Amino acid sequence: ASVEYYGRIPADWMTPQDVAEIEALPPVAETALPRYARIVARFIRHKLAVTGARQANVVCHSMGCLITRYIIEHDIDTLASESRIPRFVTMAGALAGSRLAALYDNPDLVGIVGSLGLDFADFVLLQPDVITDRWVTWDHRRFEANHPYYGGIQIHHVSGTFPNLEEAMNVAVLDVMNPEDLANDGVLYLDDTY
């Protein structure tokens with residue numbers, strides 16, 4: 001099963017209460033990540049109820065991995081505290097944000113973000129300082145992932161693509177701005193996925 005809904009058209013299985021809670025978090029930089037996390041957590045709860053499963057493995061890519069990290073560390077819908085996520089698999093996950101997001105006011109980079117189909121709020125919330133200050137609130141250490149809710153969760157990481165790839169989605173990869181941290185998926189440096 002997969003979820004890509006970020007709040008524009010509610011899924012038919014969502015209750016009016018689900019929709020109201022999601023709509024209370026507008027898709028702007030300050031609340032976009034909690035909004036996305038609420039949507040994904042509700043989807044996981046829905047799938048658990050429909051299938052009768054007790055747990056759900058989560059496989060994610062890019063910002064979806066930061067969303068999953070937020071769900072676990074903030075115990076959205078009690079998924080972490082009830083041990084509902086036994087395995088967390090990240091692929092080129094923006095677990096520590098994106099250093100390129102620190103350039104959010106650079107017009108060229110904003111254009112690239114738009115060409116990738118990302119919302120500007122998504123780009124802003126990926127700034128490393130925002131990750132440290134707002135999203136990893138257990139001890140504000142982006143690279144630790146030492147929150148007690150990770151206890152019992154198997155975590156697997158797949159990081160980056162071939163470092164010499166010339167372009168991804170018709171956008172040149174950004175390893176020229178990444179002299180020591182080679183492998184990337186066109187947006188993330190290796191450390192961003194650590």
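Engineer: Before we go on, may I ask you to explain the packing of helix α2 (residues 32-51) against helix α3 (residues 63-73) in this structure?
Structural biologist: Each pair of packed helices gets described by two things: the angle between the helix axes and the distance between those axes. The N-to-C vectors of α2 and α3 enclose an angle of 80°; their axes lie 9 Å apart at closest approach. Taken together, α2 and α3 sit at an angle that is classed as roughly perpendicular. Facing Leu 33, Pro 34, Tyr 36, Ala 37, Val 40 and Ala 41 of α2, the residues of α3 in contact are Met 63, Leu 66, Ile 67, Tyr 70 and Ile 71.

Engineer: Before we go on, may I ask you to explain the environment of Leu 100 in this structure?
Structural biologist: Within the fold, Leu 100 resides in the loop between β2 (87-91) and α4 (107-115). Exposure remark for Leu 100: the relative accessible area of 3% places this residue in the buried category. Measuring from C-alpha to C-alpha, the distance between Leu 100 and Gln 127 comes to 7.6 Å, with 27 residues separating the pair along the chain.

Engineer: Honestly, the sheet that holds strand β1 (residues 58-61) in this entry has me stumped. Any pointers?
Structural biologist: The strands making up a sheet associate through hydrogen bonds between their backbones, and the pairing can be parallel or antiparallel. A sheet is described by the order of its strands in space; here 3 strands give the open sequence β1-β2-β3, paired in parallel fashion. Looking at strand neighbours, the two that pair on one side only are β1 and β3 (154-158), the edges of this open sheet. Going from strand to strand, the sheet's axes swing by 15° on average, the running direction of each strand aside. Each of β1 and β2 is contacted by α3, which is oriented at about 135° to β1, the strand it contacts most.

Engineer: Looking at this structure, how should I read the side chain of Arg 69?
Structural biologist: Along the chain, the position of Arg 69 falls in helix α3. Of the polar contacts made by the side chain of Arg 69, one reaches the backbone oxygen of Leu 95; its length is 2.8 Å. Residue contacts for Arg 69: discarding those within four places in its chain leaves Phe 88, Leu 95, Val 136, Arg 141, Arg 142, Ala 145 and Tyr 150.

Engineer: What's the story with the packing of aromatic side chains in this structure? I'm lost.
Structural biologist: Working definition: an aromatic ring pair is given by the centre-to-centre distance plus the angle between the planes. Scanning the entire structure with this criterion turns up 2 aromatic pairs. Between Trp 13 and Phe 43, the aromatic rings sit 6.2 Å apart at their centres with planes inclined by 50°, giving tilted as the arrangement. Residue Trp 13 is found in the segment before α1 (16-23), and its partner Phe 43 is found in helix α2; the two are separated by 30 residues along the sequence. Summarising the aromatic geometry, the rings of Tyr 70 and Trp 135 are spaced 5.6 Å apart at their centres and angled 75° between planes, so their arrangement reads as edge-to-face. One end of the pair, Tyr 70, is in helix α3; the other, Trp 135, is in helix α6 (residues 128-135), with 65 residues separating them in the sequence. No difference in accessibility class separates Tyr 70 from Trp 135, as the two residues are buried.

Conventions we followed
- Here the residue numbers are simple positions, counted from 1 along each chain's written sequence.
- Local features in a predicted model are, by the rule used here, given only for residues with pLDDT of at least 70; side-chain atom pairs are given and counted only at 80 or more, and totals for whole chains, interfaces and linings are based on all residues.
- As a convention, hydrogens and water are excluded, and side-chain values are obtained from all of the structure's heavy atoms.
- Axis definition: a line fit to C-alpha positions, over the contact stretch in the case of helices; interaxial angles, taken between N-to-C directions, run 0 to 180 degrees.
- A run of H or I in DSSP counts as a helix once it spans at least four residues, and a run of E counts as a strand once it spans at least two, with each numbered from the N terminus.
- Under this scheme an angle from 65 to 115 degrees is roughly perpendicular, one under 35 degrees roughly parallel, and one over 145 degrees roughly antiparallel; angles in between are oblique.
- Contact criterion: two residues are considered in contact whenever any of their non-hydrogen atoms come within 4.5 Å of each other.
- For every residue, the accessible area (1.4 Å probe, protein chains only) is compared with the maximum for its type, and the residue is labelled buried under 20%, exposed over 50%, or partly exposed between those bounds.
- Pairing between two strands is assigned when DSSP locates at least 2 bridges connecting them.
- N or O atoms within 3.5 Å of each other form a polar contact, as long as, within protein, one can give a hydrogen and the other can take it, and as long as residues adjacent in sequence are counted only when both atoms are side-chain atoms.
- Think of it this way: a Phe, Tyr or Trp ring, Trp meaning its six-membered ring, pairs with another when their centres are within 6.5 Å, and the plane angle makes it stacked under 30 degrees, edge-to-face over 60, tilted otherwise.

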